[in-house]
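Spelled out, the chains give:
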Amino acid sequence: MSLPNIITLLRILLVPAVVWSIASGEALLAFWLFLAAGVSDALDGFIAKRFHMQTELGAYLDPVADKALLVSIYVALAVAGLIPRWVAIAVVSRDVMIVGAVVLSMVMDRKVAISPLLVSKVNTAIQITFAAFVLATAGFGLVLPGLFNLGLVAVGLLTALSAAAYLAAWTRHMAR
């Protein structure tokens, strides 16, 4: 158990705290916890690379922590009425589709190499930024409808593009 893996596990433990904060109407606390989770994500990656502490467990654990955090936050934000439900449905459906495709490939003995696409990296960055924005505006009592709507459109479009790109790549892989 390396230090980066311990930090990643702590990030996973932050997920229920962030969800509880959102569900309890404590958006400012949720914002700070989400920010701490984001810092921990950067920190574990930096330590793992800088000090050659990368592990196979970490290669699997880090994306699981990221997905657990993002999916949970989007569902909690939608349930709390801070974002439209369709956004959470899109975010969750994309991730379920990707996991389902990987599992199906394994079951069919056609393992697929898992590597993030550029559109996926941009999508994740926008999803994180938008979630932080929603928590910050709710927590600090800000009203910024123009930016909120821009964030909704960006998350919606990038989530759809990312899902389509993964589906296309998976379809090509399975056709081989």
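Residues numbered from 1 in each chain as written. Predicted model: local features only at pLDDT ≥ 70, side-chain atom pairs only at ≥ 80, totals over all residues. Heavy atoms only, no water.

Draft legend 1. Just the overall build of the protein chain, in detail. In terms of regular secondary structure, the protein chain is built from six helices and zero strands. Taking 16 Å as the expected radius of gyration for a compact globule of 176 residues, we find that the protein chain reaches 17 Å, a close match to that expectation. Its C-alpha atoms put the protein chain at 50 × 35 × 25 Å along the principal axes. The proportion of buried residues among the 176 residues of the protein chain is 36%. Contacts spanning at least 24 positions in sequence make up 77% of the contacts within the protein chain whose residues lie at least 6 apart. Of the accessible surface of the protein chain, which amounts to about 9,900 Å², a share of 75% is contributed by carbon and sulfur atoms. The distance from the centre of the 11 positive side-chain charges to the centre of the 8 negative ones in the protein chain is 9 Å. (Helix = DSSP H or I, 4+ residues; strand = E, 2+ residues; numbered from the N terminus. Rg over C-alpha atoms; globule rule 2.2 N^0.38 Å. Buried < 20%, exposed > 50% of the residue type's maximum accessible area, 1.4 Å probe, protein only. Contact = heavy atoms within 4.5 Å. Areas by Shrake-Rupley, 256 points an atom, 1.4 Å probe, with all protein chains shown as cover. Lys, Arg positive; Asp, Glu negative; His and termini not counted. Charge placed at Lys NZ, Arg CZ, Asp CG, Glu CD.)

Draft legend 2. View of the nonpolar core. Among the nonpolar cores identified, the biggest contains 30 residues, and Ile22, Ile73, Tyr74, Leu77, Ile83 and Phe130 are the most heavily contacted of them. Of all the elements in the fold, those that place two or more residues in this core are helix 1 (3-23), helix 2 (27-50), helix 3 (56-79), helix 4 (85-107), helix 5 (118-140) and helix 6 (145-175). Those residues in contact with Tyr74 that lie beyond four places of it in its chain are Ile83, Val87, Ala88, Val91, Gln127, Phe130, Ala131 and Val155. (Core = buried A, V, L, I, M, F, W, Y, C linked by side-chain atoms within 4.5 Å.)

Draft legend 3. Molecular detail of the packing of aromatic side chains. Enumeration according to the criterion identifies five aromatic pairs in this entry. A ring pair is formed by Phe31 and Trp32, whose centres lie 5.0 Å apart and whose planes are at 70 degrees; its orientation type is edge-to-face. Summarising the aromatic geometry, the rings of Phe130 and Phe148 are spaced 5.5 Å apart at their centres and angled 45 degrees between planes, so their arrangement reads as tilted. Linking Phe130 in helix 5 with Phe148 in helix 6, this pair joins segments that are 18 residues apart in sequence. Phe148 shares its class with Phe130; the two are buried. Taken together, the ring pairs in this structure connect Phe31, Trp32 and Phe140 into an aromatic cluster. (Phe/Tyr/Trp six-rings, centres within 6.5 Å; stacked < 30°, edge-to-face > 60°.)

Draft legend 4. Up close: the packing of helix 5 against helix 6. In contact at an axis separation of 9 Å, helix 5 and helix 6 are set at 150 degrees when each is read in the N-to-C sense. The angle between helix 5 and helix 6 places the two elements in the roughly antiparallel class. In this structure, helix 5 crosses over helix 6, and the sense of that crossing is left-handed. Where helix 5 abuts helix 6, its residues Val119, Ser120, Val122, Asn123, Ile126, Gln127, Phe130, Phe133 and Val134 lie against Leu147, Phe148, Gly151, Leu152, Ala154, Val155, Leu158, Thr159, Leu161, Ser162, Ala165 and Tyr166. (Axes fitted to C-alpha atoms, helices over the stretch in contact; angles between N-to-C directions. Parallel < 35°, antiparallel > 145°, perpendicular 65-115°, else oblique. Left-handed = near helix turned anticlockwise from the far one by under 90°.)

Draft legend 5. Structural view of the environment of Leu13. Residue placement: Leu13 occurs in helix 1. Overall, the relative accessible area of 60% leaves Leu13 in the exposed class. With 98 residues separating them in the primary sequence, Leu13 and Lys111 have C-alpha atoms 30 Å apart.

Draft legend 6. Looking closely at unusual backbone geometry. In the Ramachandran plot, His52 falls in the positive-phi region, its phi being about 50 degrees despite a non-glycine side chain. Looking at the secondary structure, you find His52 in the loop between helix 2 and helix 3.

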